[in-house]
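One letter stands for each residue in the lines below.
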Amino acid sequence: MPLPTMSDLREHARERLSAAVWDFIEGGSGAERTLREAEAAYAELRLRPRVLVDVSQPDCSVEILGDLLASPVGVAPMAYHQLVHPDGETATAEAAGIAGVLLVTGIFASRTLEETAAAASGPLWLQLYWLRRREALAALVARAEAAGYRALVLTVDAPKVAVRPRDRRNSFTLPADITAANLDPALTERSHRAAGGTSGIEEHAREQFDPSITWSDLAWLRARTRLPLVLKGVLTGEDAALAVEHGIDALIVSNHGGRQLDRAVTALEALPEIVAAVPADLPVLIDGGIRSGTDIAVALALGARAVLVGRPVLWGLACDGAKGAAGVLELLRTELLDTMILSGRPTLDRLDASAVTRRAAHR
Ligand SMILES: Cc1cc2nc3c(=O)[nH]c(=O)nc-3n(C[C@H](O)[C@H](O)[C@H](O)COP(=O)(O)O)c2cc1C
Ligand SMILES: O=C(O)C(=O)c1ccccc1
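Reading the values: rules and limits
Residues numbered from 1 in each chain as written. Chains lettered and ligands numbered in written order. Predicted model: local features only at pLDDT ≥ 70, side-chain atom pairs only at ≥ 80, totals over all residues. Heavy atoms only, no water. Helix = DSSP H or I, 4+ residues; strand = E, 2+ residues; numbered from the N terminus. Rg over C-alpha atoms; globule rule 2.2 N^0.38 Å. Buried < 20%, exposed > 50% of the residue type's maximum accessible area, 1.4 Å probe, protein only. Contact = heavy atoms within 4.5 Å. Areas by Shrake-Rupley, 256 points an atom, 1.4 Å probe, with all protein chains shown as cover. Lys, Arg positive; Asp, Glu negative; His and termini not counted. Charge placed at Lys NZ, Arg CZ, Asp CG, Glu CD. Axes fitted to C-alpha atoms, helices over the stretch in contact; angles between N-to-C directions. Left-handed = near helix turned anticlockwise from the far one by under 90°. Nonpolar A, V, L, I, M, F, W, Y, C, P; charged D, E, K, R; others polar. Arc of directions from axis to C-beta. Pairing = 2+ DSSP bridges. Right-handed = clockwise from strand over helix to strand, strands pointing away. Near = heavy atom within 4 Å. Polar contact = N/O pair within 3.5 Å; in protein donor to acceptor, adjacent residues only side chain to side chain.

A. Local environment of the overall build of the protein. Scanning the protein for helices and strands turns up 14 helices and 12 strands. Its C-alpha atoms give the protein a radius of gyration of 19 Å, within 12% of the compact-globule value 21 Å for 363 residues. Overall, the protein is about 60 × 50 × 45 Å in size when its C-alpha atoms are taken along their principal axes. Taken over 363 residues, the protein has a buried fraction of 56%. The long-range fraction of contacts in the protein, counting pairs at least 24 apart against all pairs at least 6 apart in sequence, stands at 73%. When the accessible surface of the protein is totalled, it reaches about 15,000 Å², and 53% of it is carbon and sulfur. The centroid of the 38 positive side-chain charges in the protein is displaced by 4 Å from the centroid of its 46 negative side-chain charges.

B. Representation of unusual backbone geometry in the model. Not every positive phi belongs to a glycine, and L52 is a case in point at roughly 55°. Following the sequence through the fold, L52 ends up in the loop between β1 (45-47) and β2 (62-64). The exposure class assigned to L52 is exposed, which follows from its relative accessible area of 89%. Its identity as a non-glycine residue notwithstanding, R263 has a phi of 80°, on the positive side. According to the relative accessible area criterion, R263 is exposed, its value standing at 61%.

C. Region of the structure containing the side chain of S292. Along the polypeptide, S292 turns up in the loop between β10 (284-287) and α13 (293-301). With residues up to four places along the chain from it excluded, the contact list for S292 reads L332 and E335.

D. Structural view of the packing of helix α11 (residues 237-245) against helix α12 (residues 267-277). Between α11 and α12, whose axes approach to 8 Å, the crossing angle comes to 35°. When you trace α11 past α12, the crossing you get is right-handed. Here G237, E238, A240 and A241 of α11 lie close against α12, whose contacting residues are E273, I274 and A277. Of the residues that constitute the contact of α11 with α12, the class distribution is 4 nonpolar, 1 polar and 2 charged.

E. Just helix α3 (residues 33-43), in detail. Turning to α3, its buried residues number three or more, namely T34, L35, A38, A41 and Y42. Buried residues of α3, viewed axially, fall in a sector of 125°; they line one side.

F. Inspection of the pairing of strand β8 (residues 229-234) at higher detail. With 6 of its 6 residues buried, β8 lies for the most part within the structure. Pairing between strand β7 (residues 151-155) and β8: 4 bridges, direction parallel. If you follow T155 over to β8, its bridge partner there is K232. In the sheet, β8 pairs with strand β9 (residues 250-253) via 4 bridges, with the strands oriented parallel. Residue pairing for β9: V234 is matched across the bridge by V253. Following the chain from β8 across α11 to the adjacent parallel β9, one finds a crossover that is right-handed.

G. Spatial organisation of the site of ligand 1. Residues in contact with ligand 1 amount to 21 residues; listed here are only the nearest, P77, T155, D287, G289 and R291. Within the side chain of T155, a nitrogen or oxygen atom sits 2.7 Å from an oxygen atom of ligand 1. In this structure, an oxygen atom belonging to ligand 1 sits 2.7 Å away from a side-chain N or O atom of D287. Protein contacts shield 98% of the accessible area of ligand 1, which totals 610 Å² for the unbound molecule. In the shell around ligand 1, the residues fall into 8 nonpolar, 8 polar and 5 charged.

Structure (structure tokens):
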């Protein structure tokens, strides 16, 4: 049987999941404009191949915050992997290890951060939302350090969870047997209940997320950890410059996969102004809509050090657990290497701005 393509995996996953879980994963906020535009943004760019270059030894390994990855890829933080497979995040950790990529595990993981670390063989970062209960946040930071996590990622595009019409229509709630394993059950109890017309996720976030935090609060987090701090959800050069001023160690350019501000710019559009606003050695990662090795090549050419991949990893996990998720990550690596070979850019430093051009408007 030929190896499945990314769209085969998506279809298989859809068949295996309930309609409500599928909608929670695939859906976006508002009219889902930003969700649709993420993939379209990549479709607007074309690669400029160079010829007669020695491509016999392509190399896509990359260093980020002191760790070497086999490919410039990571798993984006996503809540509740057990929604798609009973092993949840430990399977994803195993997959990331097999593929030699980074795993960013989420504060709303359904397995504990310690269980995930025990299953991992590569670098792990922990994603945080700023909870109203700061002592809960501080406890997570201490646990992440003790478990060997390599960085903390603060998601800054979610002072609230945006209205996601599919989840409201489905009155989406977490099944009783899936919990936010890292948090006090009392904190996340609302995820299991949805008052008419809302979703459990929205309700729960309203109760727990602190929408009052500003740049000056970052010092509180900085003072509590030796780990590098990464901001996820930055979309402007102005905020990238502020992040640098506040001592942030890396950035993830992201519109949250079209799940937060609808009509936000795509991460790919924002990338050049962000790269221009930060020192050349500060790692800038990007996520949203990356579905192939050519997408990765385009993002790197426009200045990203690495990409994060969200939904496709859950598709792989839904299809075949750790093996399925590893298959997705390895497919992306193979496709990236093929792209580097065929475009005459066998090393990542040669995937520069000269590698891409915008598609001609008349076509
Ligand atoms: C089901 C799901 C849950 C998510 N949960 C979180 C989360 O808890 N924290 C976070 O920062 N981002 C979360 N995200 C956003 C992802 O980290 C990422 O920004 C986005 O999915 C990337 O786009 P892609 O899915 O098109 O690759 C979630 C995304 C999905 C699809
Ligand atoms: O961040 C998200 O996209 C998301 O779905 C979520 C899940 C759990 C709690 C808060 C947000």
